[in-house]
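Given next are the chains, with one letter for each unit.
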Amino acid sequence: MHKSNLKVQAIRNKVASLSHLSFHAPKIIAMCESASRDCVNNIIAPNAHTAHPMYDAELSVIKSATLNEQLEYLMVHGFTGEAIYSQAGTSVDTVK
């Protein structure tokens, strides 16, 4: 498997590992907006995966995407699962 494909699969595995958690949807959207602004301003996180097909996705598409796709978008831009949950996680079952 190509190295880029391995990274894509690794990110998707990390997203799947978050599936048992709940997230506050508006906070996830705000984080996606922030990641998109960084992308537009050429601010690239050291652990971002710029070769990932979602890296340059349009924000309007990401806003209407599934939660898993939004989480994948954030991870592609360098967010870790822990960082995402610490900012947008909730103990209330609002979004699955």
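Here the structure is shown first, and the text comes after it.
Predicted, not measured: the structure shown is a model, and the values here were computed from it.

1. Description of the packing of helix 2 (residues 25–40) against helix 4 (residues 67–76)
Okay, so step 1: Between helix 2 and helix 4, the shortest axis-to-axis distance is 10 Å and the interhelical angle comes to 35 degrees. Pair helix 2 / helix 4 crosses with left-handed handedness. Contact with helix 2, carried on its side by I28, I29, M31, C32, A35 and S36, involves L67, Q70, L71, Y73 and L74 of helix 4 and no other residues of that element.
Okay, so step 2: Class assignment of the residues belonging to the contact of helix 2 with helix 4 gives a composition of 9 nonpolar, 2 polar and no charged.

2. Section: the layout of surface pockets
Okay, so step 1: Considering only enclosed or pocket space, the largest pocket measures out at about 180 Å³ in volume.
Okay, so step 2: Residue lining of the largest pocket: K7, A10, I11, K14, N47, H49, M75, G78, F79, T80 and G81, and that is the complete set.
Okay, so step 3: For the lining of the largest pocket, the leading source of residues is helix 1 (residues 3–17), giving 4 residues.
Okay, so step 4: Its residues placed into classes, the lining of the largest pocket shows 4 nonpolar, 5 polar and 2 charged.

3. Some remarks on the pattern of salt bridges
Okay, so step 1: Evaluated as defined, the whole model comprises 2 salt bridges.
Okay, so step 2: Between E72 and R12 there is a salt bridge; the shortest N-O distance is 2.9 Å. Of this pair, E72 sits in helix 4 while R12 sits in helix 1, and the two are 60 residues apart along the sequence.
Okay, so step 3: According to the relative accessible area criterion, R12 is partly exposed, its value standing at 39%.

The rules behind each value
Residues numbered from 1 in each chain as written. Predicted model: local features only at pLDDT ≥ 70, side-chain atom pairs only at ≥ 80, totals over all residues. Heavy atoms only, no water. Axes fitted to C-alpha atoms, helices over the stretch in contact; angles between N-to-C directions. Helix = DSSP H or I, 4+ residues; strand = E, 2+ residues; numbered from the N terminus. Left-handed = near helix turned anticlockwise from the far one by under 90°. Contact = heavy atoms within 4.5 Å. Nonpolar A, V, L, I, M, F, W, Y, C, P; charged D, E, K, R; others polar. 1 Å grid on protein atoms, 1.4 Å probe; cavity = no way out; pocket = protein on both sides within 12 Å on 5 of 7 lines; lining within 4 Å. Points joined across faces, edges and corners; volume = space filled by probe spheres on them. Salt bridge = Lys/Arg side-chain N within 4 Å of Asp/Glu carboxyl O. Buried < 20%, exposed > 50% of the residue type's maximum accessible area, 1.4 Å probe, protein only.

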